[in-house]
Amino acid sequence: MSTRSPAPAPEHRGHDQAARHDPIYDELVQTEEFKEVRRRTGVFTIPATAIFLGWYLLYVLMSNWAHGFMSTKVFGHVNVALIFGLLQFVSTFLIAWLYARHMNNHVDDLAHGLDVRYNEEKTR
Amino acid sequence: MSSQTLTAVLFIAVVVVTIAITFWASRSGQSGTTDYYAGGRNFSGFQNGMAVSGDYMSAASFLGISGLIALNGYDGFLYSIGFLVAWLVALLLVAELLRNSGRYTMADQLAFRMRQRPVRTAAATSTVVVSIFYLLAQMVGAGALVTLLLDVQSDSLKALTIVGVGILMIFYVTVGGMKGTTWVQIVKAVLLMSGTVLITVLVLAKFNFNISDMLHTASTNTGKGEAFLQPGLKYGVSTTSKIDFLSLGLALVLGTAGLPHILIRFYTVPSAKAARKSVLWAIGLIGSFYLMTLVLGFGAAALLDTGADSKVAASGGNLASPLLAEEVGGGAGSNGGAILLALISAVAFATILAVVAGLTLTSASSVAHDLYATVFKRGKASEKDEVKVARVAAFVIGGIAIALAIPAQKLNIAFLVALAFAVAASANLPSLLYNLFWKRFNTRGAVWAIYGGLTTCLVLVFFSPVVSGSETALVTNHDWHWFPLSNPGIISIPAGFILGWLGTITSKEPEAEDRYTELEVRAFTGAGAEGAILH
């Protein structure tokens with residue numbers, strides 16, 4: 001258990017947020033490792049979110065307002081609209097897989113290191 | 001054995017197996033709140049992935065989507081796509097961060113740095129509302145199934161079924177808690193996937209696995225021609241309906257990451273990494289499932305009568321999958337048809353029971369943990385009392401859903417669930433994202449975002465053609481609608497985000513900004529996050 005008591009700073013009295021505030025977090029947030037965890041996570045998630053939302057919205061808008069193009073037959077009775085819809089499945093699987101790979105390779109170890117450091121400081 | 005006896009036997013088997021699981025789960029250590037709410041946080045990523053899929057592939061997906069495709073052709077496909085792409089929002093922006101910063105309910109994450117009482121009250125309110133919309137849809141599915149199986153159009157019988165499902169659901173939740181509910185979901189996911197694979201293969205076999213052939217038959221059999229395979233049959237008729245389609249599309253893609261019963265699933269695993277794994281499994285399972293519902297929908301259009309007077313149309317499309325199973329088994333009156341119909345109906349029934357249990361548990365947990373323990377008892381409730389309140393809440397919420405489901409029988413289930421998605425995206429997603437990524441965000445912002453998004457959404461639905469002024473409306477003898485869209489997402493989701501922003505910038509709360517440091521470090525690294533309970 002912690003030897004320092006996680007007492008809230010005096011100006012926090014009267015604010016009924018969950019009663020924990022540990023100064024360890026103020027140290028961790030300043031570390032280069034933490035800034036790196038945040039940066040590397042954002043490097044993937046921000047553009048990826050923009051891409052998949054944009055791609056999905058394009059699909060919805062084209063279904064509405066590009067009827068002619070979407071109805072073009074590609075082969076047999078399979079048209080562009082169906083292929084476009086199926087490509088949304090492909091892109092979802094792909095982005096999910098790339099995300100997991102990115103986090104495994106570039107973020108997890110750093111984040112785990114900070115977690116370990118937190119536990120060490122807690123028990124010291 | 002007659003087909004009705006067979007159906008009865010299979011239904012009873014589903015009920016007995018799920019009850020057995022619930023008892024088994026309740027015997028292995030169920031005293032504390034972590035056990036009751038979060039299943040001890042001991043489920044593996046794969047197990048939880050199955051359970052998440054089980055929670056998500058509700059009657060809306062199995063009965064609703066295939067029905068919409070069978071009736072409206074290509075336009076129904078948007079549901080499958082929106083429901084799936086939505087998982088990327090959950091995976092990339094929410095799942096892991098939430099796992100690290102919360103404990104039992106959606107509100108925990110907000111209460112971490114805000115004034116607990118107002119934010120917990122707000123979050124509990126929206127949790128209960130979303131869950132009731134979702135429950136309603138499942139109950140409607142149960143009513144439709146029974147009508148089909150017993151081949152009678154009796155309103156009192158439907159009502160009786162809905163009450164029966166309600167009683168079972170209260171049992172699962174009060175006895176089994178999160179652990180029992182999770183195992184019920186896992187079993188259900190396996191049953192549903194197997195049943196769907198079977199019917200999909202049988203349907204495709206009818207067309208020698210030639211998809212183009214199946215599509216062509218669907219377009220000719222429905223008499224709608226090529227338009228059946230193109231976007232716009234249902235939503236392309238006017239500018240208003242096109243905007244309705246866009247509104248629906250937004251609600252679908254942004255709703256998942258705000259669904260309380262999905263969010264609390266991430267608390268059942270020991271770490272953020274396991275939460276990520278569960279979403280990856282869920283995306284794989286749910287994605288393959290939706291690809292199959294495409295075959296079920298077009299298959300039903302190709303092989304069944306879906307005209308205006310057909311059974312499929314009368315049920316709002318909800319009965320397309322079970323009737324399709326009967327058809328590919330050899331048709332009505334044949335043994336094969338009877339067996340497959342009974343089998344698929346039992347699977348649909350298991351699906352409904354499991355989802356209903358998950359939803360009730362979620363809202364009961366929120367009432368007990370957020371409202372009772374924190375708001376009323378100011379954190380001084382014993383764990384035992386809290387669990388007791390959760391059980392009582394399950395009763396009450398179940399009762400409300402039962403009462404509302406009885407008049408909603410004509411509405412398509414997927415459509416009803418899309419309304420739940422709109423509420424989730426408008427009321428929950430803004431505060432969730434702001435809280436995780438915006439340091440300045442504070443209590444007033446959270447409260448305005450939740451109540452603002454929720455109210456906008458409910459008011460617009462109330463004045464929409466869903467409630468009055470259309471053929472399938474809940475109220476048919478009056479018309480007070482003025483809002484033209486059936487899904488309010490396009491207005492209510494931005495409203496939630498704007499109100500959250502407005503509330504934040506019009507108030508100062510240095511404590512919330514200060515505590516953001518702790519939330520941020522914890523969310524991104526797991527330092528100090530809640531651990532698993534080892535028995």
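Residues numbered from 1 in each chain as written. Chains lettered and ligands numbered in written order. Predicted model: local features only at pLDDT ≥ 70, side-chain atom pairs only at ≥ 80, totals over all residues.

### A short note on the overall build of chain A
The test is simple: Each helix is a run of H or I in the DSSP string that is no shorter than four residues. Each strand is a run of E no shorter than two, and both are numbered from the N terminus. Each residue is classified by how many other C-beta atoms fall within 10 Å of its C-beta atom, where C-beta atoms are placed from the backbone; a count of 20 or more means buried, 12 or fewer means exposed, and values in between mean partly exposed. Here, residues touch in the contact sense if the C-beta positions derived from the backbone fall within 7 Å of one another.
Per the secondary structure count, chain A includes five helices and two strands. Secondary structure of chain A in N-to-C order comes out as α-α-α-β-β-α-α. Every one of the 124 residues in chain A was classed for burial, and the buried ones make up 23%. A sequence separation of at least 24 residues applies to 55% of the contacts in chain A between residues at least 6 apart.

### A word on the overall build of chain B
To keep things clear, this is the line we draw: In this setup the radius of gyration rests on C-alpha atoms only. A globule is expected at 2.2 Å times the number of residues raised to 0.38.
When its secondary structure is counted, chain B shows 20 helices and zero strands. The C-alpha radius of gyration computed for chain B amounts to 22 Å, which stays within 12% of the reference 24 Å derived for 535 residues, consistent with globular compactness. On the principal axes, the C-alpha backbone points of chain B span a range of 65 × 55 × 45 Å. Across the 535 residues of chain B, 66% fall into the buried class. Long-range contacts, defined as pairs at least 24 residues apart, comprise 81% of the intrachain contacts of chain B with a sequence gap of at least 6.

### Comments concerning the interface of chain B and chain A
How we decide: Residue polarity is assigned by list, with Asp, Glu, Lys and Arg as charged and Ala, Val, Leu, Ile, Met, Phe, Trp, Tyr, Cys and Pro as nonpolar; anything else, Gly included, falls into the polar class.
Across the boundary between the two partners, chain B contributes 48 residues, which contact 48 residues of chain A. Those elements that provide at least two residues to the side of chain B that touches chain A are α5 (77-101), α7 (116-150), α9 (211-221), α10 (239-255), α12 (272-303) and α20 (510-525) of chain B. When grouped by side-chain class, the residues that make up the side of chain B that touches chain A number 26 nonpolar, 12 polar and 10 charged.

### A short note on the environment of G49(B)
Residues and elements named next belong to chain B. Residue placement: G49 occurs in helix α3 (residues 45-56). Counting along the chain gives 53 residues from G49 to G102, while the straight-line C-alpha distance between them is 19 Å. Residue contacts for G49: discarding those within four places in its chain leaves K277, S278, L280, W281, A282 and L285.

### A look at unusual backbone geometry
In this structure, N208(B) takes a positive phi of about 50 degrees despite not being glycine. According to the C-beta neighbour criterion, N208(B) is exposed, with 8 such atoms within 10 Å.

### With respect to the packing of helix α4 (residues 59-72) of chain B against helix α15 (residues 335-376) of chain B
All names here are of chain B. Rules: Geometry is summarised by axes, namely lines fitted to C-alpha atoms with helices restricted to the contacting stretch, and by angles between N-to-C directions that run from 0 to 180 degrees. Should an angle fall under 35 degrees it is called roughly parallel, over 145 degrees roughly antiparallel, and 65 to 115 degrees roughly perpendicular, with every other angle called oblique.
The N-to-C vectors of α4 and α15 enclose an angle of 130 degrees; their axes lie 8 Å apart at closest approach. Taken together, the axis directions place α4 and α15 in an arrangement best described as oblique. In contact with A59, F62 and L63 of α4, α15 contributes A348, T351, I352 and V355. Per-class residue counts for the contact of α4 with α15 are six nonpolar, one polar and no charged.

### Points about the packing of helix α14 (residues 320-328) of chain B against α15(B)
Residue and element names in this part refer to chain B. Applied cut-off: Note: crossing handedness is left-handed where the near helix turns anticlockwise from the far helix by less than a right angle, and right-handed where it turns clockwise.
Contact geometry for α14 and α15: axes closest at 7 Å, N-to-C directions at 155 degrees. Classified by the angle between their axes, α14 and α15 sit roughly antiparallel to one another. Viewed along their axes, α14 and α15 form a crossing whose handedness is right-handed. For the pair α14 and α15, contact is made by S321, P322, A325, E326, E327 and V328 and by G337, L340, L341, I344, S345 and A348, respectively. Here the contact of α14 with α15 is built from residues that sort into seven nonpolar, three polar and two charged.

### Digging into α12(B)
Here is the rule we go by: For a helix, the expected span equals 1.5 Å multiplied by the residue count minus one.
With 32 residues, α12(B) ought to run about 46 Å at 1.5 Å a step, and its terminal C-alpha atoms sit 46 Å apart, in line with that. The buried fraction of α12(B) amounts to 27 of the 32 residues, a majority that puts the element mostly inside the structure.

### Let's talk about helix α17 (residues 413-437) of chain B
Here α17(B) contains 25 residues, and its C-alpha end-to-end distance of 34 Å stays within 8% of the 36 Å for a straight helix at 1.5 Å per residue. Counting buried positions over the 25 residues of α17(B) gives 23, a clear majority of the element.

### Details of the environment of F376(B)
Looking at where F376(B) falls in the secondary structure, it is placed in helix α15. With 259 residues separating them along the chain, F376(B) and R117(B) place their C-alpha atoms 8.8 Å apart.

### Things to note about the environment of T351(B)
Residues and elements named next belong to chain B. With respect to the helices and strands, the residue T351 is situated in helix α15. For the pair formed by T351 and A59, sequence separation is 292 residues and the distance between their alpha carbons is 6.3 Å. Discounting chain neighbours no more than four positions away, the residues touching T351 are M57, S58, A59, F62, K188 and L192.

### Quick word on the confidence of the model for chain B
Keep in mind that low pLDDT regions are not for reading the predicted coordinates in detail. Residues and elements named next belong to chain B. Put simply, the rule reads: A residue's pLDDT is the predictor's confidence in that residue, given on a scale from 0 to 100.
For chain B, per-residue confidence averages 88 on the pLDDT scale, and residues scoring 70 or more make up 98% of the total. Within chain B, the element-level pLDDT minimum falls on helix α2 (residues 33-38), averaging 78, and the maximum on helix α19 (residues 489-505), averaging 97. In the model output, the complex is listed with pTM 0.91 alongside ipTM 0.91.

### Here we look at the confidence of the model for chain A
When pLDDT is averaged across chain A, the result is 85; 83% of the residues are at 70 or more. The model gives residues 1-13 of chain A a pLDDT under 50, and that stretch makes eight contacts with residues more than four places away or in other chains.

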